[in-house]
Amino acid sequence: MAQLLSGKDVSEDIRQKIKNEVEHLQKRYPAFKPGLAIVQVGGREDSNVYIGQKVKNAALVGVDARHVKLPNTSTQQEILHAVQKLNDDPTVHGIIVQLPLDTTSEVDTHLVTNAIRPEKDVDGLHQENAGKLARGDLADCIIPCTPRGCLELIRRSGVDIAGKTAVVLGRSKIVGAPMSNLLTWNHATVTVCHSKTVNLPDVVRTADILVVAIGKSQMVKKDWVKPGAIVIDCGINSIPDATKKTGKRLVGDVDFEEVKTVASWITPVPGGVGPMTVAMLLQNTVEQAKRSLNTVLESSTWRLTPLELKLKSPVPSDIDIAQAQTPKYINKLAEEVNLLPVEVDLYGKKKAKVSLSVLDRLAAQPDGKYVVVTGITPTPLGEGKSTTTIGLTQAIGAHLKRNVFACVRQPSQGPTFGIKGGAAGGGYSQVIPMEEFNLHLTGDIHAITAANNLLAAQIDARMFHEATQTDEALYKRLVPESKGKRAFSKIQFRRLKKLGIEKTDPNSLTPEEVTKFVRLDFDPATITWQRVMDTNDRFLRSITIGQGPNEKGKTRQCQFDITVASEIMAILALTTSLQDMRERLGNMVVASSKAGVPITADDLGVSGALTVLMKDAIRPNLMQTLEGTPVFVHAGPFANIAHGNSSILADKIALKLVGENGFVVTEAGFGADIGMEKFFDIKCRYSGLVPNAVVLVATIRALKMHGGGPTVVAGVPLPKEYIEENLELLEKGFSNLQKQTENANKFGVPVVVAINGFATDTQAEKELIQKLARENGAFDAVICNHWAEGGKGATDLAKAVDKACQQKSNFKFLYDVSLPIEEKIAVIAREIYGADGIDIKPEAQEQIDRYRKQGFNDLPICMAKTHLSLSHDPTLKGRPTGFTVPIREARASIGAGFIYPLVGTMSTMPGLPTRPCFYDIDIDPDTEEIVGLS
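Residues numbered from 1 in each chain as written. Predicted model: local features only at pLDDT ≥ 70, side-chain atom pairs only at ≥ 80, totals over all residues. Heavy atoms only, no water.

Undergrad: I'm lost on the overall build of the chain in this one. Help?
TA: In terms of regular secondary structure, the chain is built from 32 helices and 37 strands. Dimensions along the principal axes, computed over C-alpha positions, put the chain at roughly 110 × 75 × 60 Å. In the chain, of all internal contacts separated by at least 6 residues, the share reaching a separation of at least 24 is 74%. In the form shown here, the chain has an accessible surface area of approximately 38,600 Å², with 51% of it arising from carbon and sulfur atoms. (Helix = DSSP H or I, 4+ residues; strand = E, 2+ residues; numbered from the N terminus. Contact = heavy atoms within 4.5 Å. Areas by Shrake-Rupley, 256 points an atom, 1.4 Å probe, with all protein chains shown as cover.)

Structure representation (structure tokens):
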């Protein structure tokens, strides 16, 4: 009499082991969650039962099972689209398509199952998995669930498969064919039988191991079976049985009652192979989730191929250097840093957008080291922060062979065509192609321009309509009737909630509620939202709008800002997800009502549309340095009225990609008193990221200026004090570097001073700064020559940064956001600028009081002051003392999440100089090469 091979018991044992394994992994990696997607087309009742069992069992072991149900009218293309979405979802590790498909359309089932990515094909039906199984590559394929369950049951009998004669009755792609392969590669001698096999009972009778999957009820009889054989019955058939309530019962392809008298082991039906199939489905899913986890854990192993630099002396122009280097195709670079093809959208061959889904895929990956590059108070010429950021990155990646990402801002076309030029770095430390970096890139700035101006247009349009229509007319237009029905749009429910109106039927609002709903009642004097464009145009700094004959005299004074000054740009840089961006855009305050109530983009009904315009811009842009190391270029907020840093999202994705032993180098705009302070107190506050080191860029030239040297003017030759050795002037000017070092140390972050060397600097001058910096709070001070030598010229800096990052981070914020607005401003002025205090002007105090009343007190502060001095006065160099900072005005970027006090007059629309940069910019019509960019 045969012993029972109970699939129910064995599967329960397997499920418990799976559950224990999942729980163990989740303790080590909390983000670990195996995901299974079951695609069903139509609604066959038997399929519903099977799917219900799979979902229930999945939940018991900690697998997140998702039932994707498609209507029976689904076309082949719609089914393939659903499968592709799951292929692209990093939270889904296994996909099965429930067969048979219940559809009224003509669908190629083989095409559908082959559309599943092989590594997610937990049914093992993809031709790649089938091919590998047939070839014997068992470790490199997914084994179909039923054959794998059968093999496990055979092993549980204790019989050694090797050398046994096995017969598989049935040759289906789902059971028979893969079962024969599986037994073959476990060293059995296998015969596959089917309906055309001659002398079928005689052949079956040779089997030591018999697996039956023929689809005919009770076909295999006692005299077909070799005494002592192991019999695995994969069949499940319904036959009439008057003794059952349903009038039928389930049986297998084997006559169980007969065969059990001759077999040594046998599986029952039900309770045999069926439960094992579900258990193996879960086992396959968990194994693929583990592989995905291992891929994440190994994703910090890059295969980066640096690009070789061919250095020249004297150093050629920036654009000549950039165009002399042949960049890698961006898809190649993406592959080198372990980005998946589905995570990268190519914009041509040299740049790409990277999906935010990387953060989900790499959630278990520890972050790398986080380094911010800042500078002393600069001369009008700039001291090379961007060049240092890129040079340091090239040194870490191409020379120290460590994983590294640079994260930099996208430059505005205003400065590019105006006086400053581009911002790709300089010399042999640049982002390439620098032409694309400095121009349109992937259109993010244009998206911000479009979104900003859509909101500006709605402000004036709404004021116009409120001024020219009754409440009833406004309501009819805002909530129009369609086919006899009226309904609020999704965004209008936000407005109703804000007003405390809980009704959902537009016809149920009282006249008073209608008035509250339709009347934003702008106070025109409080409008802070301006139109923007990405061009320097001084004549748009003040304009009058509404002068057309159809605007009925509704004129208003306003202005244009440059696009990077838009609050939407600041939001792009500070957002942490698409949902977060949607909320921030909706929360933007554009004005107040006459009753002092803040009016938001949500109130204007436009925030959903703004998010749509920004849906691609939210993804960071992937580029590369001259030496082939990766760069994220993303966002470019104005460094005065905004925080002047690249995006949180770029930093977060980069930190995951580089891994625990890698580095992310990002740059903060202007000097440490502005960009760095905002990086710490605003960007790090919203990101939750902890910085490991500060690189503080200094030049001999700037320090001499701070020591009392002559005025430095762009476009004018430098006075002799800056090109001849002058240690006395240099030592006096060190006070600025000393103060900026102190500022960084206030946040508990080690400071490495990067002395950006120029050809006119003497060795004695460089060594003096090194000595003074090390004696006054710097972790180290390093002389760099990355402009002339690329990464090679910054290797000492890279080594110093590596050592600094090994120190324990004692990072802390400068102030508590719950302090009164005035006190937070005063803390920054005293601690960072060195002021005696602040002087808040009446207009600014009125604005601060209004923000506090409106509930905006607990926001961080983003000081808008000159970058040319630690004080508010650009003429005060070095380390000024004995001054009071005047607060002339206070504005709020509620969507971005900060209050920005204005210390002086702050222009948000630059003007073109007498001779703009564009005089030198042109294109060769034959080669299409751009010339003259700098």
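Undergrad: Got a minute to help me understand the sheet that holds strand β4 (residues 94–97) in this structure?
TA: Through backbone hydrogen bonds, the strands of a sheet pair up, either in parallel or in antiparallel fashion. If you walk across this open sheet you meet the three strands as β3-β2-β4, and the pairing is parallel. Each edge of the open sheet is held by one strand with a lone partner, namely β3 (64–70) and β4. For this sheet, the mean angle separating the axes of adjacent strands, direction not counted, is 20 degrees. Where strand β2 (residues 35–41) lies against β4, four bridges are found, and the strand directions are parallel. Counted as the bridge partner of Ile38 is Ile96 from β4. (Pairing = 2+ DSSP bridges. Axes fitted to C-alpha atoms, helices over the stretch in contact; angles between N-to-C directions.)

Undergrad: Explain the nonpolar core to me, please; I cannot follow it from the model alone.
TA: Soluble globular proteins tend to pack their nonpolar side chains together in the buried interior. In this structure, Leu455, Phe522, Phe632 and Phe680 are the most contacted members of the largest nonpolar core, which totals 132 residues. Discounting residues that sit within four places of it in the chain, Phe680 has contacts with Val372, Arg685, Pro691, Val694, Phe747, Val749, Phe811 and Phe813. Counting 49 residues, the second largest nonpolar core, distinct from the first, contains Ile18, Val175, Met179 and Leu281. (Core = buried A, V, L, I, M, F, W, Y, C linked by side-chain atoms within 4.5 Å. Buried < 20%, exposed > 50% of the residue type's maximum accessible area, 1.4 Å probe, protein only.)

Undergrad: I tried to follow helix α3 (residues 76–87) on my own but got confused; where do I start?
TA: Every α-helix carries 3.6 residues per turn, so stepping three or four residues along brings you back to the same face. The end-to-end C-alpha distance of α3 is 16 Å, a good match for the 16 Å that twelve residues give at a rise of 1.5 Å each. Those residues of α3 lying buried are Ile79, Leu80, Ala82, Val83, Leu86 and Asn87. Seen along its axis, α3 keeps its buried residues to an arc of 155 degrees; they face one direction. Those residues of α3 that are exposed and aimed more than 90 degrees away from the buried face are Gln77, His81 and Lys85. (Expected span 1.5 Å × (residues − 1). Arc of directions from axis to C-beta.)

Undergrad: I would appreciate a short explanation of the sheet that holds strand β8 (residues 230–233) in the present structure.
TA: One open sheet holds the six strands; their spatial order is β1-β11-β8-β7-β5-β6, and the pairing between them is parallel. The sheet is open, and its two borders are formed by β1 (3–4) and β6 (189–193), each paired with just one other strand. Relative to β6, strand β5 (residues 165–169) runs parallel, the two being bridged by five bridges. Considered in β6, the bridge of Val168 is made with Val192. Strand contacts of helix α6 (residues 145–156): β7 (209–212) and β8, with the helix running at about 150 degrees to β8, the strand carrying the most contacts. Across the sheet, helix α7 (residues 176–184) is in contact with β5, β6 and β7; its angle to β5 comes to roughly 170 degrees.

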